[in-house]
Amino acid sequence: MNFFTRLESELSEAGKAIASFDEAREDVIRESRKILKDSKKAVFLIHDSSFSKAKRLIEACELAVKRLRQKHGESALQRIGAFSESCQEFVESVTLFNSLRQLREKDGLLEISLLGLVSPQDYVMGVSDTAGELVRTAVRLGIKNNIEGVAKTEELVRMLYEKLLGFTGYAGELRKKIDSVKWSLSRIEDILFQLKTR
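Think of each chain on its own: its residues are numbered from 1, step by step along the sequence as written. For this predicted model, a pLDDT threshold of at least 70 governs which residues receive local features, and a threshold of 80 or more governs which side-chain atom pairs are given and counted, while totals over whole chains, interfaces and linings are taken from all residues. With hydrogens and water stripped out, all remaining heavy atoms of the structure feed into the side-chain values.

**A word on the overall build of the protein**
Item 1. When helices and strands are counted, the protein shows 7 helices and 0 strands.
Item 2. Put simply, DSSP H or I for four residues or longer makes a helix, DSSP E for two residues or longer makes a strand, and each gets a number counted from the N terminus. Helices (α) and strands (β) of the protein occur, in sequence order from the N terminus, as α-α-α-α-α-α-α.
Item 3. Here the radius of gyration uses the C-alpha set of atoms, whereas the globule reference equals 2.2 Å times the residue count to the power 0.38. Computed over the C-alpha atoms, the radius of gyration of the protein is 21 Å, more than 25% above the 16 Å expected from 2.2 N^0.38 for a compact globule of 198 residues.
Item 4. For the protein, the C-alpha atoms occupy an extent of roughly 85 × 35 × 20 Å along the three principal directions.

Listed below in structure tokens is the structure:
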């Protein structure tokens with residue numbers, strides 16, 4: 001086989017592989033949008049204390065993430081940013097759900113093993129984002145003059161921040177997300193201080 005024949009054959013193979021990846025990419029992006037949208041809806045419902053509706057959305061998201069992993073495999077998914085964003089939002093919704101159930105001393109926690117489902121980086125970034133939602137929780141509790149609730153929320157965010165401080169070798173977006181937890185903690189401390197000095 002001469003070089004030009006081999007080149008033509010290899011280009012045909014490369015074209016098929018690119019077309020196949022593009023088709024998979026479109027599928028992942030389409031499904032990731034739905035996971036992102038439903039996870040955001042779940043966060044809203046959680047703040048509204050509509051836990052049963054939020055749980056249904058979160059469980060649907062879990063199944064969608066599993067389906068995408070099974071269908072496309074880890075290596076393809078890592079190259080598609082939309083999947084990473086949807087996983088972070090999914091982690092945030094699960095973490096917020098369980099955090100607020102725990103803070104309110106309610107049963108019915110979600111038994112979802114997140115680390116086996118999403119990448120470690122998406123997991124940490126999603127958990128970090130939860131701190132911002134806990135600021136919203138603290139504001140709502142502060143409006144109701146619920147000092148104990150704000151204090152419990154502050155303890156949770158402090159624990160998150162202390163754990164995340166132990167991470168080393170992170171940069172870029174992960175660093176920004178972890179640094180945002182510090183801001184969230186500071187904001188909740190301010191709310192608590194204002195409530196205690198009224």
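There's more to say after this.
**Details of the confidence of the model for the protein**
Item 1. By definition, pLDDT measures how confident the predictor is in each residue, and it falls between 0 and 100. Looking at the protein as a whole, its pLDDT mean stands at 90, while 98% of the residues score no less than 70.
Item 2. Ranking the elements of the protein by mean pLDDT puts helix α3 (residues 74-78) last with 69 and helix α5 (residues 120-143) first with 95.

**Some details on the side chain of Glu 62**
Item 1. For Glu 62, the location among the structural elements is in helix α2 (residues 51-72).
Item 2. Residue burial is assigned from relative accessible area. The probe radius is 1.4 Å, only protein chains are included, and a residue is buried under 20% of its type maximum, exposed over 50%, and partly exposed in between. Glu 62 gets classed as buried once you look at its relative accessible area, which sits at 14%.

**A word on the packing of α2 against helix α4 (residues 81-103)**
Helix-helix packing: each pair is described by the crossing angle between the helix axes and the interaxial distance.
Item 1. Where α2 meets α4, the axes come as close as 10 Å, and the angle between the chain directions of the two elements is 145°. Along this stretch, α2 crosses α4, giving a crossing that reads as left-handed. In this structure, α2 contributes Phe 51, Ala 54, Lys 55, Ile 58, Cys 61, Glu 62, Val 65, Leu 68 and Arg 69 to the contact, and α4 contributes Phe 83, Cys 87, Phe 90, Ser 93, Val 94, Phe 97, Leu 100 and Arg 101.
Item 2. Residues are grouped as follows: Ala, Val, Leu, Ile, Met, Phe, Trp, Tyr, Cys and Pro are nonpolar; Asp, Glu, Lys and Arg are charged; all remaining types, including Gly, are polar. Its residues assigned to classes, the contact of α2 with α4 shows 12 nonpolar, 1 polar and 4 charged. Axis lines are fitted through C-alpha atoms, for helices just across the contact stretch, and the angle between N-to-C directions can take any value from 0 to 180 degrees. The sense of a crossing depends on the near helix, which, turned anticlockwise from the far helix by less than a right angle, makes the crossing left-handed and, turned clockwise, makes it right-handed. Only heavy atoms enter the contact rule, under which two residues are in contact if any of them lie within 4.5 Å.

**A closer look at the pattern of salt bridges**
Item 1. The working definition used for a salt bridge is a side-chain nitrogen of Lys or Arg within 4 Å of a carboxyl oxygen of Asp or Glu. Counted according to the given criterion, the structure contains 13 salt bridges.
Item 2. Here Lys 34 ties to Asp 38 by a salt bridge, and the two come within 3.0 Å at their closest N and O atoms. With Lys 34 and Asp 38 both in helix α1 (residues 3-47) and 4 residues apart, the pair spans about one turn of that helix.
Item 3. Via salt bridges that share partners, Asp 27, Arg 30 and Lys 71 belong to a single interconnected network.

**Comments concerning a nonpolar patch on the surface**
Item 1. Among the surface-exposed residues, Phe 3, Phe 4, Leu 7 and Leu 11 lie close enough to one another that they form a single nonpolar patch of about 450 Å² accessible area.
Item 2. Here Phe 3 is to be found in helix α1. Residues enter patches when they are more than 30% accessible in relative terms and free of salt bridges; like-charged ones are connected within 9 Å and nonpolar ones (Val, Leu, Ile, Met, Phe, Trp, Tyr) within 5 Å. Under the convention used here, a 1.4 Å probe and the Shrake-Rupley method define accessible areas, while residue burial counts only the protein chains that appear.

**A short note on the packing of α4 against α5**
Item 1. In contact at an axis separation of 7 Å, α4 and α5 are set at 50° when each is read in the N-to-C sense. Viewed along their axes, α4 and α5 adopt a mutual orientation that is oblique. As α4 runs across α5, the sense of the crossing is right-handed. On α5, the residues touching Ser 84, Cys 87, Gln 88, Val 91, Glu 92, Thr 95, Leu 96, Ser 99, Leu 100 and Leu 103 of α4 are Asp 122, Tyr 123, Met 125, Gly 126, Val 127, Asp 129, Thr 130, Glu 133, Leu 134 and Thr 137. Convention used here: angles under 35 degrees read as roughly parallel, angles over 145 as roughly antiparallel, angles from 65 to 115 as roughly perpendicular, and any remaining angle as oblique.

**Section: α1**
Item 1. How far a helix is expected to stretch is found by multiplying one less than its residue total by 1.5 Å. Over its 45 residues, α1 extends 64 Å from the first C-alpha to the last, a length consistent with the 66 Å expected when each residue adds 1.5 Å.
Item 2. With a side-chain oxygen positioned 3.1 Å from the backbone nitrogen of Phe 4, the residue opening α1 is Asn 2.
Item 3. After α1 finishes, the residue Ser 49 shows a positive phi value of roughly 65°. Polar contact criterion, stated in full: a pair of N or O atoms within 3.5 Å, where within protein one must be able to donate a hydrogen and the other to accept it, and residues adjacent in sequence count only if both atoms are side-chain atoms.

**A short note on the nonpolar core**
Item 1. In plain words, nonpolar cores are sets of buried Ala, Val, Leu, Ile, Met, Phe, Trp, Tyr and Cys residues tied together by side-chain atoms within 4.5 Å. Formed by 54 residues in total, the largest nonpolar core has its most connected members in Ile 46, Ile 58, Phe 90, Ile 112 and Val 150.
Item 2. Secondary-structure elements contributing two or more residues to this core are α1, α2, α4, α5, α6 (147-165) and α7 (172-196).
Item 3. Per-element accounting of this core gives the leading share, 9 residues, to α4.
Item 4. If we ignore the near neighbours within four places in the chain, the residues touching Phe 90 are Ile 35, Ser 39, Ile 58, Cys 61, Glu 62, Val 65, Ile 112, Leu 114, Leu 117 and Val 118.

**Section: unusual backbone geometry**
Item 1. Here Ser 49, not a glycine, exhibits a phi torsion of approximately 65°, which is positive.
Item 2. Here Ser 49 lies in the loop between α1 and α2.
Item 3. Positive phi, normally seen in glycine, also occurs at Asn 145, with a value near 60°.
Item 4. Mapping Asn 145 onto the fold places it in the loop between α5 and α6.
Item 5. A residue is classified by how much of its surface remains accessible, and Asn 145, at 44% relative accessible area, is partly exposed.

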